[in-house]
Amino acid sequence: MSETIRITVLVENSVHRQGLVGEHGLCFHIQSGEHSLLFDTGQTDLAVINTETLRLPLHRVEAIVLSHGHYDHTGGVPAMLEVVPEARVYLHPAAFENKFSHNHAGPARKIGMSDCVAQAIRHHAGGFIETTARTEIMEGVFATGEIPRATTYEDTGGAFFLDAEGTRPDPLVDDQALVIDLGRSIVLLLGCAHSGVVNTLNHVWQLTGGKPVSAVIGGLHLGSASEGRIQQTIARLRAAQLEMLAPAHCTSLPATAKLWSAFPDLCRPAGVGTVFEFKRD
Ligand SMILES: [Fe+2]
Ligand SMILES: [Fe+2]
């Protein structure tokens, strides 16, 4: 009998249903039979609040996978771990590093995880697991670990640094995606895709022996992308023969519009409260 995989958007920049609240950040709740996990946690306790509104059984969350160390993906960890202290946290060790943005004039902005988040991850009951390479989270779900940077036209998507002075660029090696295996195809969840979505798709292709990706959901971080990069990204997504694409969070409005124009039949919104359902063979 086929099993239903249910993905609920708990935090995103936009809102899909009345009564829910959005923020700049991302958090997905993934339900697979009796098992459930989170991919990212948003930047505040909003994921917990939205979960209560949606009446989702949060106490069953067994694992929290963090896509990378940025505050808008990790800030909700302490509030979440108060509810599910036994949940295992999966993250790349570089997610703990100091992270800064110099995107705007003026002083550097601290955009890594706060000390409070790092403490919560390091000291909660469920423990944490470092994901430098592919790591199984539960049956049919794995985190990619580090994603090789092979394309010439993709970068991390911003002026990201490991120091406030802006002398050490942050390669964001902590960036990883979540792969949900449906049997015949893959659902790919992205945090910010700082590795580049094409690099991510190519890596997942390698890791799964060429299994087709049927859906891509999450942030593509294309706000500063050149037109050339956008077009190459669209070409790679077209070659993937997706059945669904939900560009969200940090994709940027102009890039989202281009993706919706390129794939009008495939694109879906992914505001808070959106539910995606997939059948596992
Ligand atoms: Fe983000
Ligand atoms: Fe990010």
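What you see is a predicted model, and the numbers here were worked out from it, not measured in a lab.

Visitor: Pulling in residues and values, what's your account of the coordination of the iron ion (ligand 1)?
Guide: Around the iron ion (ligand 1), the donor atoms from the protein are D72 (OD), H73 (NE2), C192 (SG) and H249 (NE2), and they sit 2.1 to 2.4 Å away. Here the iron ion (ligand 1) binds 4 donor atoms, and the angle range of 84 to 164 degrees at the metal identifies the geometry as irregular. In this structure the iron ion (ligand 2) is found 3.5 Å away from the iron ion (ligand 1), and C192 serves as a bridging donor for the pair. Placement of H73 in helix α2 (residues 71–74) and of C192 in the loop between β13 (186–190) and α5 (197–207) is noted, with a sequence separation of 119 residues between them. Just as H73 is buried, C192 falls in that class too.

Visitor: Now, about α5: what can you tell me, with residues and values included?
Guide: Among the residues of α5, those classed as buried are V197, V198, N199, T200, L201, H203 and V204. Buried residues belonging to α5 abut β12 (178–181), β13, β14 (213–219) and α6 (227–239). Looking one or two residues past α5, G209 carries a phi angle of roughly 65 degrees, positive in sign.

Visitor: Lay out the coordination of the iron ion (ligand 2) in plain terms, naming residues and giving numbers.
Guide: For the iron ion (ligand 2), the full set of protein donor atoms is H68 (NE2), H70 (ND1), C192 (SG) and H194 (NE2), and the range of their distances to it is 2.2 to 2.7 Å. Here the iron ion (ligand 2) binds 4 donor atoms, and the angle range of 89 to 172 degrees at the metal identifies the geometry as irregular. Ordering the donors of the iron ion (ligand 2) by residue number gives the pattern H-x1-H-x121-C-x1-H. Of the residues examined, C192 reaches a relative accessible area of 2% and is grouped as buried.

Visitor: A description of the sheet that holds strand β11 (residues 160–161) should follow, citing residues and the corresponding values.
Guide: With antiparallel pairing, the 3 strands of this open sheet are ordered in space as β7-β6-β11. Every other strand in the sheet has two partners, leaving β7 (109–110) and β11 as the edge strands with one partner each. The sheet contact formed by strand β6 (residues 100–101) and β11 spans 2 bridges and is antiparallel. When the sheet's bridge partners are listed, F100 is paired in β11 with F161.

Visitor: Lay out unusual backbone geometry in plain terms, naming residues and giving numbers.
Guide: With a phi angle near 70 degrees, D40 is a residue other than glycine that sits in the positive phi range. With respect to the secondary-structure elements, D40 resides in the loop between β3 (35–39) and α1 (46–54). Although it is not a glycine, S252 adopts a positive phi angle of roughly 85 degrees. The topology assignment puts S252 in the loop between β15 (244–248) and α7 (253–262).

Visitor: Break down the pairing of β15 for me, citing the residues and quoting the values.
Guide: For a regular strand, side-chain orientation follows a simple rule: the groups alternate between the two sheet faces. In terms of burial, β15 is largely enclosed, as 5 of its 5 residues are buried. On β15, burial covers both faces: M244, A246 and A248 on one face and L245 and P247 on the other are all buried. Of the pairings in the sheet, the one linking β14 to β15 comprises 5 bridges and is parallel in character. Bridge pairing in β15 places A215 opposite M244. A crossover links β14 with its parallel partner β15, the connecting element being α6, and its sense is right-handed.

Visitor: Quick rundown of the state of the cysteines? Include the residues and the values.
Guide: One pass over the full model with this rule turns up 0 disulfides. Here C116 stays unpaired: no disulfide links it, and the sulfur of C27, its closest cysteine neighbor, is 16 Å away. Between C267, a free cysteine, and C250, which holds the nearest cysteine sulfur, the sulfur-to-sulfur gap is 15 Å. A relative accessible area of 3% means that C267 is categorised as buried.

Visitor: Could you give an account of the nonpolar core, naming the residues involved and the relevant values?
Guide: By size, the foremost hydrophobic cluster in this structure holds 29 residues, and its most contacted members are I64, M80, L91, M113 and I121. Looking at this core, the elements with two or more residues in it are β1 (3–11), α1, β4 (61–65), α3 (77–83), β5 (88–91) and α4 (115–123).

Visitor: Describe the side chain of H29, listing the residues and the values that go with them.
Guide: Examined against the element boundaries, H29 turns out to sit in strand β2 (residues 27–32). Overall, H29 belongs to the buried group, its relative accessible area being 0%. Not counting chain neighbours up to four residues away, the residues in contact with H29 comprise R6, I7, T8, L10, S36, L37, L38, L56 and V61.

Visitor: An account of the packing of aromatic side chains is requested, with residue identities and associated values reported.
Guide: Tallied over the full model, the rule gives 1 aromatic pair. Ring centres of F96 and F128 lie 5.7 Å apart, and the angle between their planes is 75 degrees; this geometry places the pair in the edge-to-face category. Taken together, the residues span a long stretch of sequence, with F96 in the loop between β5 and β6 and F128 in strand β8 (residues 128–130) at a distance of 32 residues. Note on F96: relative accessible area 17%, which makes it buried. Residue class for F128 comes out partly exposed when judged on its relative accessible area of 27%.

Thresholds, definitions, all that
Residues numbered from 1 in each chain as written. Chains lettered and ligands numbered in written order. Predicted model: local features only at pLDDT ≥ 70, side-chain atom pairs only at ≥ 80, totals over all residues. Heavy atoms only, no water. Donors = N, O, S within 2.8 Å, 3.2 Å for Na, K, Ca; no water. Tetrahedral: all angles 85-135°; square planar, octahedral: opposite > 155°, others 65-115°. Helix = DSSP H or I, 4+ residues; strand = E, 2+ residues; numbered from the N terminus. Buried < 20%, exposed > 50% of the residue type's maximum accessible area, 1.4 Å probe, protein only. Contact = heavy atoms within 4.5 Å. Pairing = 2+ DSSP bridges. Right-handed = clockwise from strand over helix to strand, strands pointing away. Disulfide = S-S within 2.5 Å. Core = buried A, V, L, I, M, F, W, Y, C linked by side-chain atoms within 4.5 Å. Phe/Tyr/Trp six-rings, centres within 6.5 Å; stacked < 30°, edge-to-face > 60°.

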